[in-house]
Amino acid sequence: MTTKSIFYVFLLISLSLLVIVSSSVTVNPQILTTCQFDTIYQLGDSTSDTGNFIRDSPLSPFARLPYGQDFSLNSTGRSSNGLLIIDYLAMSSGLPLLDAYSNPNGTFDHGLNFAVAGSTAMLVTDLAAQNISNPATNNSLMTQIDELFLHLFYLCENQTDTECAQKTSKSALFIVGDIGANDYNYALFQGKKIEQVKALVPQVVAAIKMALSEVTWYGGVYGASRIIVPGSFPIGCLPNYLTRFQTNDSSAYDEFHCLKDLNNLASYHNELLQQAIQEIRIENPNSVLVYGDYFNAYEWMLENAKSLGFDESSMQKACCGVGGDYDFSFERLCGSPGVTVCPNPDKRISWDGIHFTQKAYQHMTSWLIHDIFPKLACRV
């Protein structure tokens, strides 16, 4: 059996595991094929980057094992041990996995991934004006929008409007996010108080709304677009935040041992984002905009951790990491010498203390598909 054949079998097995989410939620593994998407365009940060960041930063840990250790034993730039949400969405749509925009050998017939690890919703210059720096990249959401439109312009060269609309809008799915988490990450880890970061949320959401306006404008020119806009995860449940803001005050934690103030920040972001989505819907009635509820997908996973096969005693510990109560250290990140990987990543939710394991992404995608499919206006 060839390497390509082995990888294809691996994808089929992974996709088959999407069928049953829990005793109460069942998902057809290829239900998104009924939407007849021909292409998917992804914008975002490290939760959806499939290889853009490592083209600019080839020495990044994302470019080497153990990242990608369960992805055909190959590191691809994904910030996980294997597949991401975008990979499972593509598989459910019956499409190949998306290549990174910056991949010179990529195949772009069925979409493209513009997401870049470390990118922000706001422009880097706008963050710098508030004394918040981006140590990872100069890429922002509007950078990705510019690259998306440049690609679409290239596709539509020498085509009629009808041909262009069919390829780039009517049969396309646009995913704008998850984005904005790094705006808050950089602010918080550079010493801003939660109250100061909360004041940043309207600006972050405004940047996302501007990007959505651009995408829906394009859809309005060439036909109705379908757009998924993911919200924020409950960041107070992540090992990096639990480590940085650890406290002896038990009232600071919720029933899942997540930091309430940080989850409230994420909830505030999601609240404003949903308001922005509704405003865009009113302005663009021919576009279908669907909120991707990552927050509740994650909490559902916590609530059903045992039945989903996770080790309940390690739900907030990194699989790839060492140190402290959460197997995470800012001084010794995943990929550093001497940092170990847990024996079975499928038992953990967190991969490296910042991002999630393939198994966690798989389960969250199943919940997400169950939630968004009725709202995507697909023909069944």
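This report concerns the structure included in the present document. (Residues numbered from 1 in each chain as written. Predicted model: local features only at pLDDT ≥ 70, side-chain atom pairs only at ≥ 80, totals over all residues. Heavy atoms only, no water.)

1. Quick notes on the overall build of the chain
Turning to step 1, where the next piece is worked out: Of the regular secondary structure elements, the chain holds 13 helices and seven strands.
Turning to step 2, where the next piece is worked out: For 380 residues, the compact-globule estimate of 2.2 N^0.38 gives 21 Å, and the C-alpha radius of gyration of the chain, at 20 Å, lies within 12% of that figure.
Turning to step 3, where the next piece is worked out: Taking all 380 residues of the chain together, 57% fall into the buried category.
Turning to step 4, where the next piece is worked out: Counted over contacts in the chain with a minimum sequence separation of 6, partners at least 24 positions apart contribute 72%.
Turning to step 5, where the next piece is worked out: With the model as given, the accessible surface of the chain reaches about 16,100 Å², and the carbon-plus-sulfur share is 52%.
Turning to step 6, where the next piece is worked out: Positive and negative side-chain charges of the chain, numbering 22 and 36 respectively, have mean locations separated by a distance of 4 Å. (Helix = DSSP H or I, 4+ residues; strand = E, 2+ residues; numbered from the N terminus. Rg over C-alpha atoms; globule rule 2.2 N^0.38 Å. Buried < 20%, exposed > 50% of the residue type's maximum accessible area, 1.4 Å probe, protein only. Contact = heavy atoms within 4.5 Å. Areas by Shrake-Rupley, 256 points an atom, 1.4 Å probe, with all protein chains shown as cover. Lys, Arg positive; Asp, Glu negative; His and termini not counted. Charge placed at Lys NZ, Arg CZ, Asp CG, Glu CD.)

2. Let's talk about the packing of helix α3 (residues 85–92) against helix α13 (residues 358–372)
Turning to step 1, where the next piece is worked out: One way to put it is that α3 packs onto α13 with a least axis distance of 8 Å and a crossing angle of 50°. One element, α3, and the other, α13, form an angle in the oblique class. As for the relative orientation of α3 and α13, their crossing is right-handed in sense. Residue-level inspection shows Ile85, Tyr88, Leu89 and Ser92 of α3 in contact with α13, the latter providing Gln358, Tyr361, Gln362, Thr365, Leu368 and Ile369.
Turning to step 2, where the next piece is worked out: In terms of residue class, the contact of α3 with α13 is built from six nonpolar, four polar and no charged. (Axes fitted to C-alpha atoms, helices over the stretch in contact; angles between N-to-C directions. Parallel < 35°, antiparallel > 145°, perpendicular 65-115°, else oblique. Left-handed = near helix turned anticlockwise from the far one by under 90°. Nonpolar A, V, L, I, M, F, W, Y, C, P; charged D, E, K, R; others polar.)

3. Some points on the sheet that holds strand β5 (residues 172–176)
Turning to step 1, where the next piece is worked out: Strands sit in the order β4-β3-β5-β6-β7 across an open sheet of five strands; the sheet is parallel. Every interior strand has two partners, whereas the edge strands, β4 (111–113) and β7 (288–292), have only one. The sheet shows a mean angle of 15° between the axes of neighbouring strands, taken without regard to direction. (Pairing = 2+ DSSP bridges.)

4. Quick word on helix α7 (residues 181–189)
The α-helix winds at 3.6 residues per turn, so residues separated by three or four positions along the chain end up facing the same way.
Turning to step 1, where the next piece is worked out: A large share of α7 lies buried, amounting to eight of its nine residues.
Turning to step 2, where the next piece is worked out: Among all positions of α7, only Ala181, Asn182, Asp183, Tyr184, Asn185, Tyr186, Ala187 and Leu188 are buried.
Turning to step 3, where the next piece is worked out: Looking at the residues trailing α7, positive phi occurs at Gly191, about 100°.

5. Overview of unusual backbone geometry
Turning to step 1, where the next piece is worked out: Cis geometry marks the peptide bond from Leu65 to Pro66; its omega dihedral reads 15°.
Turning to step 2, where the next piece is worked out: Mapped onto the secondary structure, Pro66 falls in the loop between α2 (53–56) and α3.
Turning to step 3, where the next piece is worked out: Phi is positive for Asn131, close to 60°, though the residue is something other than glycine.
Turning to step 4, where the next piece is worked out: Secondary-structure assignment places Asn131 in the loop between α4 (124–128) and α5 (141–156).
Turning to step 5, where the next piece is worked out: Despite not being glycine, His257 has its phi angle at roughly 65°, a positive value.

6. Quick word on the state of the cysteines
Turning to step 1, where the next piece is worked out: One pass over the full model with this rule turns up four disulfides.
Turning to step 2, where the next piece is worked out: With a sulfur-sulfur separation of 2.0 Å, Cys237 is cross-linked through a disulfide to Cys258. Every disulfide takes its handedness from the sign of the S-S torsion; for Cys237 and Cys258 that torsion is 105°, giving right-handed. With Cys237 in the loop between β6 (226–230) and α10 (239–244) and Cys258 in the loop between α10 and α11 (260–283), this pair connects stretches of sequence that are 21 residues apart. Both residues of the pair, Cys237 and Cys258, count as buried. (Disulfide = S-S within 2.5 Å.)

7. Thoughts on α5
Turning to step 1, where the next piece is worked out: With 16 residues, α5 extends 23 Å from end C-alpha to end C-alpha; this agrees with the ideal 22 Å at 1.5 Å per step.
Turning to step 2, where the next piece is worked out: Of the residues making up α5, those classed as buried are Leu141, Met142, Gln144, Ile145, Leu148, Phe149, His151, Leu152 and Cys156.
Turning to step 3, where the next piece is worked out: The positive-phi residue at the C-terminal boundary of α5 is Asn158, with phi of around 65°. (Expected span 1.5 Å × (residues − 1).)

8. Focus on the pattern of salt bridges
Turning to step 1, where the next piece is worked out: Summed over the entire model, instances satisfying the criterion amount to four salt bridges.
Turning to step 2, where the next piece is worked out: In this structure, Glu279 and Lys209 form a salt bridge, with 2.4 Å as the shortest nitrogen-oxygen distance. Note that Glu279 is positioned in helix α11 and Lys209 in helix α9 (residues 201–222), a separation of 70 residues in sequence.
Turning to step 3, where the next piece is worked out: The partly exposed category is assigned to Lys209, whose relative accessible area is 23%.
Turning to step 4, where the next piece is worked out: Between Asp371 and Lys375 there is a salt bridge, and its shortest N-O distance comes to 3.4 Å.
Turning to step 5, where the next piece is worked out: By relative accessible area, which is 21% here, Asp371 ends up partly exposed. (Salt bridge = Lys/Arg side-chain N within 4 Å of Asp/Glu carboxyl O.)

9. Considering the packing of aromatic side chains
Turning to step 1, where the next piece is worked out: Taken as a whole and assessed by the stated rule, the structure comprises 14 aromatic pairs.
Turning to step 2, where the next piece is worked out: Between Tyr67 and Trp351, the aromatic rings sit 5.9 Å apart at their centres with planes inclined by 80°, giving edge-to-face as the arrangement. Linking Tyr67 in the loop between α2 and α3 with Trp351 in the loop between α12 (294–303) and α13, this pair joins segments that are 284 residues apart in sequence.
Turning to step 3, where the next piece is worked out: Through pairs of rings, three or more aromatic residues link up here, namely Phe189, Tyr241, Phe245, Phe328 and Phe330. (Phe/Tyr/Trp six-rings, centres within 6.5 Å; stacked < 30°, edge-to-face > 60°.)

10. What about the environment of Val205?
Turning to step 1, where the next piece is worked out: Tracing the sequence through the fold places Val205 in helix α9.
Turning to step 2, where the next piece is worked out: For the pair Val205 and Ala165, spaced 40 residues apart in sequence, the C-alpha to C-alpha distance is 28 Å.
Turning to step 3, where the next piece is worked out: Beyond its immediate sequence surroundings of up to four residues, Val205 is in contact with His269, Leu272, Leu273 and Ala276.

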